Amino acid sequence: MRQLLTTSALFAAFALKFTRVRGEDQGAGKKGNHSALEWGPCDPTVVQDPNISCSFFEIPLDYHDPAAGHGRIAVAKVNATAERRGSLFFNPGGPGGSGLATLNGTTQTLLALTGGMYDIISWDPRGVGPLTIPGDIFCFDSVPEFDAFWNGTIELSGIEMTGNFTDPDDIQALLSQANIMQKKYEEFGRRCLQHPTGKYLKYVGTAATVRDMVALADALDGPGSPVNYAGVSYGTVLGAWFVNMFPERVGRVILDGVVDPLFVAQEETSTFWPQLLVDSDKVYQGFVTGCALSGSSGCAIAHANQSAADVDATIQALLKRAHDAARSNAFVPVTSANIRVGLFGAMYDPTEWASLANSTFPEIVAEVDAESSQAGAPASGHVSRSLRGRQANATQNYNEHAILCSDSVDLRGTQMIDVFKNVIAKSRSGSHLFTSIWPNAFYHCPFWPVRAVERYQGPFNKTLANKILVVSNVFDPVTPLSNAEVLAGLLGDDARLVVQRGFGHTTIRLPSQCTNEIFLSYLINGTVPEGNDTVCDVDEDFEIFAGVNAESILAELSSD
């Protein structure tokens, strides 16, 4: 992960006054004499926006055990541009997403959504970044060490499969790795625990991050003040836990792209992952449908007068060629597993669909054709490096694993063979394309050796001080609408569900004046829709492919 600030820059810029927060109950965040944070410049190599200031804020490692010691979180702020009504805390999800880096690229969007009436506050939570303590979690000290440990396993190659995982050879190839991967994951967990950052693993859970946010709100807006919060993706877990841990502190809260809190509280993450993918293949259908509607002039995958099924067949044929090439030579630069990872990432953001179809896809085709025609001789490797997503000189951090598994249920004795069999079964009954994506942090938690010292496991139906907004696209690849419906149902009259008729992960992926107006009215005036049947369209003039908008794709899907 990129360095977001430098310790020397912050300390040289200003003398930090850390705030000590202690407490042993749900009101712990309200207690104590909080000194104001002192703000100064951020590292310009990371945070270029001159409107953003940075600081540190001291936290207890364990809110229930002062003897555990203290850490700190790196905090960023952009000041309100109108009459200030308080702070709005923003978490970009992940888990493990950097609030500082995200704020650098979203300042104007967040100010517009709030009417400029709030200071926008984001931070690198526990387990994230080089400056927060506890920060980045490592289990290896170098790329060669990482590669040597995972050599010859699916952790490096991914899972090769086609269709809906019915090929006996594919099944056998996966199941044959069960014993070695069981041992590797158990050894990996011990390695993470023994690494210098391992001493912090039990302190990076989301419940502690909730308390950090409440303590930070006390410092910035006054003890007991309403906490205003916007969270997306896994940031909705933070939000769902916050509103139920501190219901009396709920101010304006927007949760967009919802993770079902009941699944986090009750289910192992290895079974949870397929549930998150309920609508991912539907988003993919939106992609191939939009491509077909645009035709060859707007989508290079399509040929004249082709249907969505034809576009899908072209992609499936590419996956099959890549699969077969990898079967013949395990060292080919682009595999079907790589391509599925790239496709899945693209499903998050429909604004990138045309680029995927017209730029990336032809490059993938060229590399796969070279593999097939040259018996797997390496091509340029350009596409494979972009699809794998890890730079050759980047030491892997395990922030996502540490936070996700800290929040997970206790170990239940799950074996790797059970995980593999579930991957195969859910590839048939759930997402054919994406269930088998590997490596995947969700599959580590049954073997992760540590859980957080505090986890919130319910109830999730507390009575809140103010109503909140629960928001979802109709088709989201990784947080399905059904999750938002569950959370809104649990909170009853204290939540309002807003559905945007679009694709992608969270509603912010596509422009909607309707959704924006609801957000703005809520944040400024506290106004919420009357019921849970509010539906917003994506702006009609926004084209996903040339000549094709979200509504035309949805209309075509509904007619099939």
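Keep in mind that what you see is a predicted model, and the values were worked out from it rather than measured.

Conventions adopted
Residues numbered from 1 in each chain as written. Predicted model: local features only at pLDDT ≥ 70, side-chain atom pairs only at ≥ 80, totals over all residues. Heavy atoms only, no water. Buried < 20%, exposed > 50% of the residue type's maximum accessible area, 1.4 Å probe, protein only. Helix = DSSP H or I, 4+ residues; strand = E, 2+ residues; numbered from the N terminus. Pairing = 2+ DSSP bridges. Expected span 1.5 Å × (residues − 1). Polar contact = N/O pair within 3.5 Å; in protein donor to acceptor, adjacent residues only side chain to side chain. Contact = heavy atoms within 4.5 Å. Disulfide = S-S within 2.5 Å. Axes fitted to C-alpha atoms, helices over the stretch in contact; angles between N-to-C directions. Left-handed = near helix turned anticlockwise from the far one by under 90°. pLDDT = per-residue confidence, 0-100.

*Asks:* Which parts of the structure should I look at to understand the pairing of strand S6 (residues 250-256)?
*Replies:* The side chains of a regular strand alternate between both faces of the sheet. Where burial is concerned, most of S6 is hidden: 6 out of the 7 residues are buried. Direction of pairing for strand S5 (residues 227-232) relative to S6: parallel, over a ladder of 5 bridges. For Tyr229, the partnering residue across the bridge sits in S6 and is Val253. As paired strands, S6 and strand S7 (residues 468-475) are joined by 3 bridges and run parallel to one another. The residue of S7 that forms the bridge with Asp256 is Val471.

*Asks:* Before we go on, may I ask you to explain helix H14 (residues 353-373) in this structure?
*Replies:* Its 21 residues place the ends of H14 28 Å apart at the C-alpha level, agreeing with the 30 Å of an ideal helix rising 1.5 Å per residue. Those residues of H14 that sit buried are Trp353, Leu356, Ala357, Phe361, Ile364, Glu367, Val368, Ala370 and Glu371.

*Asks:* Can you walk me through the side chain of His323 in this structure?
*Replies:* If you trace the backbone, His323 turns up in helix H12 (residues 308-328). In this structure His323 comes out as buried when scored by relative accessible area, which is 1%. Within the structure, the side chain of His323 is placed 2.8 Å from the side chain of Asp170, a separation counted as a polar contact. Setting aside chain neighbours within four positions, we find His323 in contact with Glu160, Met161, Thr162, Asp170 and Ser336.

*Asks:* What exactly am I supposed to notice about the state of the cysteines here?
*Replies:* The term disulfide refers to a covalent linkage connecting the sulfur atoms of a pair of cysteines. A full pass over the atoms with the stated rule returns 5 disulfides. With a sulfur-sulfur separation of 2.1 Å, Cys405 is cross-linked through a disulfide to Cys445. Disulfide Cys405 to Cys445: torsion about the S-S bond roughly -85 degrees, handedness left-handed. Of this pair, Cys405 sits in helix H16 (residues 399-407) while Cys445 sits in the loop between helix H17 (416-429) and S7; the two residues are 40 residues apart in sequence, bridging distant segments of the chain. As far as burial versus exposure is concerned, Cys405 and Cys445 are alike and both buried. With its sulfur 2.0 Å from that of its partner, Cys514 forms a disulfide with Cys536.

*Asks:* What's the story with the packing of helix H11 (residues 280-294) against H14 in this structure? I'm lost.
*Replies:* Where H11 contacts H14, the two axes come as close as 10 Å, and the packing angle between them is 65 degrees. H11 and H14 meet at a crossing whose hand is right-handed. Facing Val283, Gly286 and Phe287 of H11, the residues of H14 in contact are Trp353, Leu356 and Ala357.

*Asks:* Looking at this structure, I do not really get the side chain of Asp136. What am I missing?
*Replies:* Assignment of secondary structure puts Asp136 in the loop between strand S4 (119-124) and helix H3 (143-150). Relative accessible area serves as the criterion here: at 10%, Asp136 is assigned to the buried category. Engagement of the side chain of Asp136 in a polar contact is seen with the backbone nitrogen of Gly129, the distance being 2.7 Å. Side-chain polar atoms of Asp136 contact the side chain of Asn399, separated by 2.8 Å.

*Asks:* I tried to follow unusual backbone geometry on my own but got confused; where do I start?
*Replies:* Cis geometry marks the peptide bond from Gly94 to Pro95; its omega dihedral reads -5 degrees. Along the polypeptide, Pro95 turns up in the loop between strand S3 (87-91) and helix H2 (99-113). In this chain, Gly458 is followed by Pro459 through a cis amide linkage whose omega measures 5 degrees. For Pro459, the position within the fold is in the loop between H17 and S7. One non-glycine residue, Phe165, lies in the positive phi region at around 65 degrees.

*Asks:* Is there a simple way to think about the confidence of the model for the protein in this case?
*Replies:* Residue-level pLDDT values for the protein average 90, and 90% of them are 70 or greater. Here residues 376-392 is modelled with pLDDT under 50, and outside its nearest four sequence neighbours on either side it reaches 34 contacts, counting other chains as well.

*Asks:* Help me out: how do you make sense of the sheet that holds strand S8 (residues 495-503) in this one?
*Replies:* Each strand in a sheet pairs with its neighbour through backbone hydrogen bonds, running either in the same direction (parallel) or in the opposite one (antiparallel). One open sheet accounts for 9 strands, arranged S1-S2-S4-S3-S5-S6-S7-S8-S9; its pairing is mixed. The sheet is open, and its two borders are formed by strand S1 (52-60) and strand S9 (534-537), each paired with just one other strand. Direction aside, the axes of adjacent strands within the sheet are offset by 25 degrees on average. Lying over the sheet, helix H20 (residues 550-559) contacts S7, S8 and S9, oriented at roughly 90 degrees with respect to S8.

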